[in-house]
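# Fold and contact review
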Amino acid sequence: MKYSELISFEPINEVVKFDRLSEDDYRQSLVRNFVFSSTYEKVIIPELCKNLDYTASHDTFGLQIVGNYGTGKSHLMSLVSLIAENENYLDKVNNVVAKNAMSPIAGKYKVHRFEMQTDRKLWEIVTFQIQRYLDEIGVDYQFDPDSLKMYSEQLDEMMAAFEEKYPGKGLLIIIDELLAYLKGHAAVGQLNQDLQVLQALGQQCAKGRFGFMFGVQEMIYQSKEFAFAAEMMLKVKDRYIDLTIRKEDVSFVVQNR
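Residues numbered from 1 in each chain as written. Predicted model: local features only at pLDDT ≥ 70, side-chain atom pairs only at ≥ 80, totals over all residues. Heavy atoms only, no water.

### Focus: the overall build of the protein chain
Of the regular secondary structure elements, the protein chain holds eleven helices and five strands. When the 257 residues of the protein chain are sorted by exposure, 49% land in the buried category. Residue pairs at least 24 apart in sequence account for 74% of intrachain contacts in the protein chain once pairs closer than 6 positions are excluded. For the protein chain, the exposed area adds up to about 13200 Å²; of that, 48% sits on carbon and sulfur atoms. (Helix = DSSP H or I, 4+ residues; strand = E, 2+ residues; numbered from the N terminus. Buried < 20%, exposed > 50% of the residue type's maximum accessible area, 1.4 Å probe, protein only. Contact = heavy atoms within 4.5 Å. Areas by Shrake-Rupley, 256 points an atom, 1.4 Å probe, with all protein chains shown as cover.)

This is the structure:
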């Protein structure tokens, strides 16, 4: 008898790749293999779902996921967004508590994910990515790069066009690896404009069916590179819920995987 006949396991993927989330097998594997610590069950998953449940009567906010490289923040964002995008994946969640928490958002969103790998202005990047996705799903709306309208006005108009096409859905935008981008812009004096965009995106989350989530390696409000923009940081902070993946959660996941 061979060892392979006695032991069967799936290798752990160290890095979740957003560009592979179009593959159904890869999607199912990410959902099926997610390990939930007590903090995930009691705090992180419920808080994420609470702020993505646009049918609830309470206030909702944007979401900042904080975790060092390798802690699983991309896996977490992928899990929640895959459930939000396709209710059929809910049955593959291996934790009853988490499954119940995610049930209200299952299948409620159209989702677009991307990683930050450019130095262009944040509003240009966000509107380009949303525009590309709107074109893909047949929403009749065009961002005007020369518009003098406020960010919030343009997001309102975009969501009105989206909801006309998809009246029963929300739109969820997810950005990973945002911290290095923001630090790079802080070094060249462009941070305040980026923070205005983050404020507008967080504010939009309170208006209805728009959701926004981003991942960083440390909480942006605590980064020393951003100390000069403390006042603007507070305005951004008011628009987001911050969820941190602790080292204890990582240890639990490793032991159970």
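### Section: helix α8 (residues 179-187)
Listing the buried residues of α8 in full gives L179, Y181, L182, H185 and A186. Seen end-on, α8 carries its buried residues on one side only, within an arc spanning 160°. In α8, those exposed residues whose orientation departs by more than 90 degrees from the buried face are A180 and A187. Buried residues in α8 make contact with α6 (122-137), α9 (191-204) and β4 (210-216). G189 occupies a position one or two residues after α8 and carries a positive phi of about 80°. (Arc of directions from axis to C-beta.)

### Notes on the packing of α9 against helix α10 (residues 230-237)
Across the interface, α9 lies against α10 with an axial gap of 9 Å and an inter-helix angle of 15°. Taken together, the axes of α9 and α10 lie roughly parallel to each other. Seen along the crossing, α9 lies across α10 with a hand that is left-handed. Residues N192, L195, Q196, L198 and Q199 of α9 pack against M232, M233, K235 and V236 of α10. (Axes fitted to C-alpha atoms, helices over the stretch in contact; angles between N-to-C directions. Parallel < 35°, antiparallel > 145°, perpendicular 65-115°, else oblique. Left-handed = near helix turned anticlockwise from the far one by under 90°.)

### Describing the packing of aromatic side chains
The description of two aromatic rings rests on the distance between their centres and on the angle between their planes. Tallied over the entire structure, the rule returns ten aromatic pairs. Aromatic side chains F34 and Y40 sit 5.3 Å apart centroid to centroid with 80° between the ring planes, which places their arrangement in the edge-to-face category. No difference in accessibility class separates F34 from Y40, as the two residues are buried. A centroid spacing of 5.5 Å and a plane angle of 35° characterise the contact between F162 and Y166, whose relative ring orientation is tilted. Like F162, the residue Y166 is buried in the burial classification. Through successive ring pairs, a cluster of aromatic residues spans W123, Y141, F143 and Y151. (Phe/Tyr/Trp six-rings, centres within 6.5 Å; stacked < 30°, edge-to-face > 60°.)

### Considerations on the environment of K110
Here K110 is to be found in strand β2 (residues 109-115). Judged by relative accessible area, K110 falls into the partly exposed class, the value being 22%. Residues K110 and G170 lie 60 residues apart in sequence; the distance between their C-alpha atoms is 6.1 Å. Once residues within four sequence positions are removed from consideration, K110 is found in contact with Y133, I137, F162, Y166, K169, G170, L171 and L172.

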